[in-house]
Amino acid sequence: AQKVTQAQTEISVVEKEDVTLDCVYETRDTTYYLFWYKQPPSGELVFLIRRNSFDEQNEISGRYSWNFQKSTSSFNFTITASQVVDSAVYFCALSEARPSGGFQKLVFGTGTRLLVSP
Amino acid sequence: DTGVSQDPRHKITKRGQNVTFRCDPISEHNRLYWYRQTLGQGPEFLTYFQNEAQLEKSRLLSDRFSAERPKGSFSTLEIQRTEQGDSAMYLCASSPAGDHEQYFGPGTRLTVT
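Residues numbered from 1 in each chain as written. Chains lettered and ligands numbered in written order. Predicted model: local features only at pLDDT ≥ 70, side-chain atom pairs only at ≥ 80, totals over all residues. Heavy atoms only, no water.

(A) Geometry of the overall build of chain A. Looking only at helices and strands, chain A has zero helices and 12 strands in total. Reading chain A from its N terminus to its C terminus gives the helix and strand order β-β-β-β-β-β-β-β-β-β-β-β. For chain A, the C-alpha radius of gyration of 14 Å lies close to 13 Å, the compact-globule estimate for 118 residues. Dimensions along the principal axes, computed over C-alpha positions, put chain A at roughly 45 × 30 × 25 Å. Each of the 118 residues in chain A was classed as buried or not, and the buried ones make up 45%. By element, 49% of the accessible surface of chain A is carried by carbon and sulfur atoms, the whole surface being about 5,700 Å². Each charge class in chain A can be summarised by its mean position, and for the 11 positive and 13 negative side chains these summaries are 6 Å apart. (Helix = DSSP H or I, 4+ residues; strand = E, 2+ residues; numbered from the N terminus. Rg over C-alpha atoms; globule rule 2.2 N^0.38 Å. Buried < 20%, exposed > 50% of the residue type's maximum accessible area, 1.4 Å probe, protein only. Areas by Shrake-Rupley, 256 points an atom, 1.4 Å probe, with all protein chains shown as cover. Lys, Arg positive; Asp, Glu negative; His and termini not counted. Charge placed at Lys NZ, Arg CZ, Asp CG, Glu CD.)

Next up, the structure:
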């Protein structure tokens, strides 16, 4: 069975601090995808990144960066120089990757609430 | 191109009543998913459509729940004889064919009193 664990329930930082959100996953699949979504107070889940299990290269997008380590089954997310607008709940998710595409159920963690104060 | 839309955004109903939610996916997305999210939890998968065919259903989807996607475009999720435990945010997501991420709508928040 697939499982995603986000051990940090809530993190509070002051603006401009760097913050890392942890994600640990479990799966028996040899190929899979990992995702991060942001859920601001408005409630809509916003897609941030998708990673294929074959691609362990770290990725940077502006102030966001992701560290994928297959050896420790982790896919951590770092926000550099945090801003108040980063305040939201962040979810890590996992799905099986099927060669022909098709049904890909997302299995989510319980989320980490990030509070960035001015 | 508009995103996924859901209607209504909020629904308050009394226990025992039936409710129906609607989801309009991004146009040309042939895959549609329903998820349920309770307070403090991540979304949980309910059901999946590819075009008009409902191909996957979670065990969470009891007999009181039914979903349709009659013409492969919009989808409806109906809950019959609502119970207080049905109170949650119901999220719809869509994706195009192939390996793609899912795009979520704003959700319908259901409160059963």
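(B) Focus on the interface of chain B and chain A. With 21 residues of chain B at the contact, the number on the chain A side is 21 residues. With both sides pooled, the region where chain B packs onto chain A buries about 1,800 Å², and carbon together with sulfur makes up 53% of that total. Across the contact surface, chain B and chain A share one salt bridge. Between Arg50 of chain A and Glu101 of chain B there is a salt bridge, with its nearest N and O atoms 3.9 Å apart. If you look at where chain B meets chain A, you find three residue pairs in polar contact (both at pLDDT 80 or more). Breaking the side of chain B that touches chain A down by element, the ones donating at least two residues are strand 4 (31-37) and strand 5 (44-50) of chain B. With four residues, the single largest contributor to the side of chain B that touches chain A is strand 4 of chain B. Its residues assigned to classes, the side of chain B that touches chain A shows eight nonpolar, eight polar and five charged. (Contact = heavy atoms within 4.5 Å. Buried area = accessible area lost by both parts, 1.4 Å probe. Salt bridge = Lys/Arg side-chain N within 4 Å of Asp/Glu carboxyl O. Polar contact = N/O pair within 3.5 Å; in protein donor to acceptor, adjacent residues only side chain to side chain. Nonpolar A, V, L, I, M, F, W, Y, C, P; charged D, E, K, R; others polar.)

(C) Structural detail: the state of the cysteines. Counting across every chain of the model gives two disulfides over all chains. Each disulfide pairs two cysteine sulfurs, and for Cys23 of chain A the partner residue is Cys92 of chain A, the sulfurs being separated by 2.0 Å. Across the S-S bond linking Cys23 of chain A and Cys92 of chain A, the dihedral sits near -65°, which makes this disulfide left-handed. Of this pair, Cys23 of chain A sits in the loop between strand 3 (19-21) and strand 4 (24-26) while Cys92 of chain A sits in strand 10 (residues 88-96), and the two are 69 residues apart along the sequence. Residue Cys23 of chain B pairs covalently with Cys92 of chain B via a disulfide, S to S 1.8 Å. As the torsion about the S-S bond is roughly -65°, the Cys23 of chain B-Cys92 of chain B disulfide counts as left-handed. Within this pair, whereas Cys23 of chain B is found in strand 3 (residues 19-24), its partner Cys92 of chain B is found in strand 9 (residues 88-95), the two being separated by 69 residues in sequence. For the pair Cys23 of chain B and Cys92 of chain B, a shared accessibility class is recorded, and that class is buried. (Disulfide = S-S within 2.5 Å.)

(D) Structural context of the pairing of strand 11 (residues 108-112) of chain B. Residue and element names in this part refer to chain B. Only one face of strand 11 is buried: it carries Thr108, Leu110 and Val112, and the other face, with Arg109 and Thr111, is open. Looking at chain direction, strand 2 (residues 10-13) and strand 11 are connected through four bridges and run parallel. Counterpart to Ile12 in the pairing with strand 11 is Thr111. Relative to strand 11, strand 9 runs antiparallel, the two being bridged by three bridges. Looking at strand 11, one finds that Met89 is bridged to Arg109. (Pairing = 2+ DSSP bridges.)

The analysis is restricted to geometry; functional conclusions fall outside its scope.
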